[in-house]
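# Understanding the architecture of this molecule
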Amino acid sequence: MTAVFFLTYFALRVFSYFFSPDTPLYAANPVNSLVAGLILVIAVYFLIKKDVRGWLIVAGEIILGGGGGYLAIQGISLRTCLLIVSLTIFFIQKIKDKRYEILKENRIISYLLSLILIWVLFSSLSGLYYGHNLKLVFSDFIPYLFLLYYFPLRELWKNEKFKQVVLPMLIAAVLGNAIFILITFAGFSSGLLTLQDSYYHWFRDVAGGKITDLGFNFYRLILNEHLLLVPLLLFFVNKCLKERVWLCWLLLLALTITLSVNFTRIYFVALFVGLLFLFTRLNWKKWLLYSAGTLVLLFGSFTALHLTASRGQNLGWELWGLRIQSVVSPQIEESSLSRMLLLPKIWEKIKNHPILGEGLGATITVYSPVLKQTVTTPHLDWGYLEIIAEMGLIGLAFWLAFVIYLLKESREKFILATLAALLVINLTSPALFHVLGIIWLAFALSKITLNRAFVTQFPSRPRIL
């Protein structure tokens, strides 16, 4: 089954390269819309029939599709279409069957989600009131709806078929992503691919990636789904701590290779913090072994790749020093300097609308040292400050209440560790309110609910650690 999903992972990307959705450079290929529409129809059929295969299609699009926009229908991504139809069908069926306990069983969660979603709707209207671009407001609003996947996920984790299929999907996606990154890395490092060629534009506009030349033929490659690299690393480290499975080490290797090419400094900090949260006095020797092993794999894979890319001329260790030094001296690195230049503009927005925020879809106009020109961008690059700028202190308060609840109710070590990692990443990235971050939060929330139900049903048994 894993092999089938592995092939599907690459087939999706090859298909979207030759039959692209709508991009800034190319109009959508009608074949892409046709295939996306067919998948949507099949999913709707199974969902109406209450067949778990409908939800497996939804899960497959998220897990195998990652952060890319490979399939779309008339400019609307297949993921958004599946989100709308799946949740609509799910809640209509619950209302029709008069199963209102789905909200009553977890009132605190329902209240917290309602508060966030109501405030997001208010912030969307505020954004439109302040003249923000409708498309940008819509793009900021849609990810929050993925929080509602918590409700079907609560039931799906009780379905054995769903669990048996999702794990092979995840394994295929992790291995596939590592190979995809290595192929792309090899293409640019060897000179077979070049910046601004057709593959570069596909990687940027369809796969949702970013490519940066760091010198010595070493290219930093970033994809949107890499937001979950650290949570997944912590998930599989936790697996290794509980059971000795060679596959866990293979997945750890794949994830560390991907992370070494991604080379985002906040991810390294988040990984370190997350590993600390996995610590237990009972298994401290195993924790030390697997934590140290993960860090060695990360540093070793980076060194091997940089040495290979530079044709044996350079180990690349000075890049680590540059990334660390740029934290205290941001002017020495363009990406750090760009982020620092955004701060005064963000503070200005916060001062103008501190309580309610300026609304979703906010943009900032600032000089870019990378592009050497003034640009207007919706990417504020400071997670918590972006929440305050767009949703105000009230929005931040709702978010903090939700996160505190998650941390308080966590029963599993890996959930606590991944939440801590996401909170760290959110310092400089939109980790919490990115669509994949929100999906991970919905997943964590559903697992927390199931664990609490287990403890309630069998109070004499120990908590799951």
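To start, this report covers the structure provided alongside it.

Calculation criteria
Residues numbered from 1 in each chain as written. Predicted model: local features only at pLDDT ≥ 70, side-chain atom pairs only at ≥ 80, totals over all residues. Heavy atoms only, no water. Helix = DSSP H or I, 4+ residues; strand = E, 2+ residues; numbered from the N terminus. Buried < 20%, exposed > 50% of the residue type's maximum accessible area, 1.4 Å probe, protein only. Lys, Arg positive; Asp, Glu negative; His and termini not counted. Salt bridge = Lys/Arg side-chain N within 4 Å of Asp/Glu carboxyl O. Polar contact = N/O pair within 3.5 Å; in protein donor to acceptor, adjacent residues only side chain to side chain. Contact = heavy atoms within 4.5 Å. Core = buried A, V, L, I, M, F, W, Y, C linked by side-chain atoms within 4.5 Å. Phe/Tyr/Trp six-rings, centres within 6.5 Å; stacked < 30°, edge-to-face > 60°. Lys NZ or Arg CZ within 6 Å of the ring centre and 35° of its normal. Axes fitted to C-alpha atoms, helices over the stretch in contact; angles between N-to-C directions. Left-handed = near helix turned anticlockwise from the far one by under 90°. Nonpolar A, V, L, I, M, F, W, Y, C, P; charged D, E, K, R; others polar.

## Structural notes on the side chain of E390
- Note that E390 resides in helix α17 (residues 383–409).
- One buried charged residue, E390, remains without a salt bridge, the closest side chain of opposite sign being K349 at 8.4 Å.
- At 3.3 Å, the side chain of E390 and the backbone nitrogen of A362 are in polar contact.
- If we skip the residues at most four places from it in the chain, E390 touches S123, D140, L356, G357, E358, G359, L360, G361 and A362.

## Some details on the nonpolar core
- Of all hydrophobic cores here, the largest spans 149 residues; its most connected members are Y144, Y149, F162, I346, W399 and F402.
- Examining the composition of this core, we find that 15 residues originate from one element, helix α9 (residues 160–190), more than from any other.
- Excluding its chain neighbours within four sequence positions, the residues that come into contact with F162 are V52, W55, L56, A59, L156 and W157.

## Observations concerning the side chain of R13
- As for its placement among the helices and strands, R13 is situated in helix α1 (residues 2–18).
- Although buried, R13 forms no salt bridge, and the nearest oppositely charged side chain, E225, lies 4.1 Å from it.
- A distance of 2.8 Å separates the side chain of R13 from the backbone oxygen of Y9, its partner in a polar contact.
- Excluding its chain neighbours within four sequence positions, the residues that come into contact with R13 are L64, G65, G66, Y70, F180, W202 and E225.

## Observations regarding the environment of H201
- Looking at the element boundaries, H201 is found in helix α10 (residues 198–205).
- Sequence separation between H201 and L275 is 74 residues; the distance between their C-alpha atoms is 36 Å.
- Look past the residues within four positions of H201 in its chain and what remains in contact with it is L25, Q196 and V206.
- Only 3.4 Å separates the side chain of H201 from the backbone oxygen of Q196, close enough to count as a polar contact.

## Brief notes about the packing of aromatic side chains
- Throughout the structure, instances matching the rule amount to 38 aromatic pairs.
- Between F185 and F218 the ring centres are 5.2 Å apart and the planes differ by 70°, which places this aromatic pair in the edge-to-face class. Taken together, the positions of F185 in helix α9 and F218 in the loop between β3 (209–213) and β4 (219–223) put the pair 33 residues apart, joining distant regions of the chain.
- Judged by its relative accessible area of 5%, F185 is buried.
- When its relative accessible area of 0% is taken as the criterion, F218 is described as buried.
- Ring centres of F235 and F236 lie 5.0 Å apart, and the angle between their planes is 80°; this geometry places the pair in the edge-to-face category.
- For F236, a relative accessible area of 3% puts it in the buried group.
- Each member of the aromatic cluster is reached from another via a ring pair, and the members are Y17, F18, Y70, F180, F188, Y199, W202, F203 and Y219.
- Lying over the aromatic face of F180, R13 brings its terminal NZ or CZ to 5.8 Å of the ring centre.

## Brief notes about the packing of α9 against α10
- The N-to-C vectors of α9 and α10 enclose an angle of 145°; their axes lie 12 Å apart at closest approach. Here α9 and α10 pass one another in a crossing that is left-handed. Where α9 approaches α10, its residues F180, T184 and F188 are matched on the opposing element by Y199, Y200, W202 and F203.
- For the contact of α9 with α10, the per-class residue count stands at six nonpolar, one polar and no charged.

## As for the pattern of salt bridges
- The final tally for this structure, using the stated rule, is seven salt bridges.
- Across the pair K163 and E160 runs a salt bridge, and its minimum N-O distance is 3.2 Å. A residue pair is termed a helical-turn pair when its members lie 3 or 4 positions apart in one helix, as K163 and E160 do in helix α9 at three residues.
- The partly exposed category is assigned to K163, whose relative accessible area is 33%.
- Between K349 and E358 there is a salt bridge, and its shortest N-O distance comes to 3.0 Å.
- For E358, a relative accessible area of 11% puts it in the buried group.

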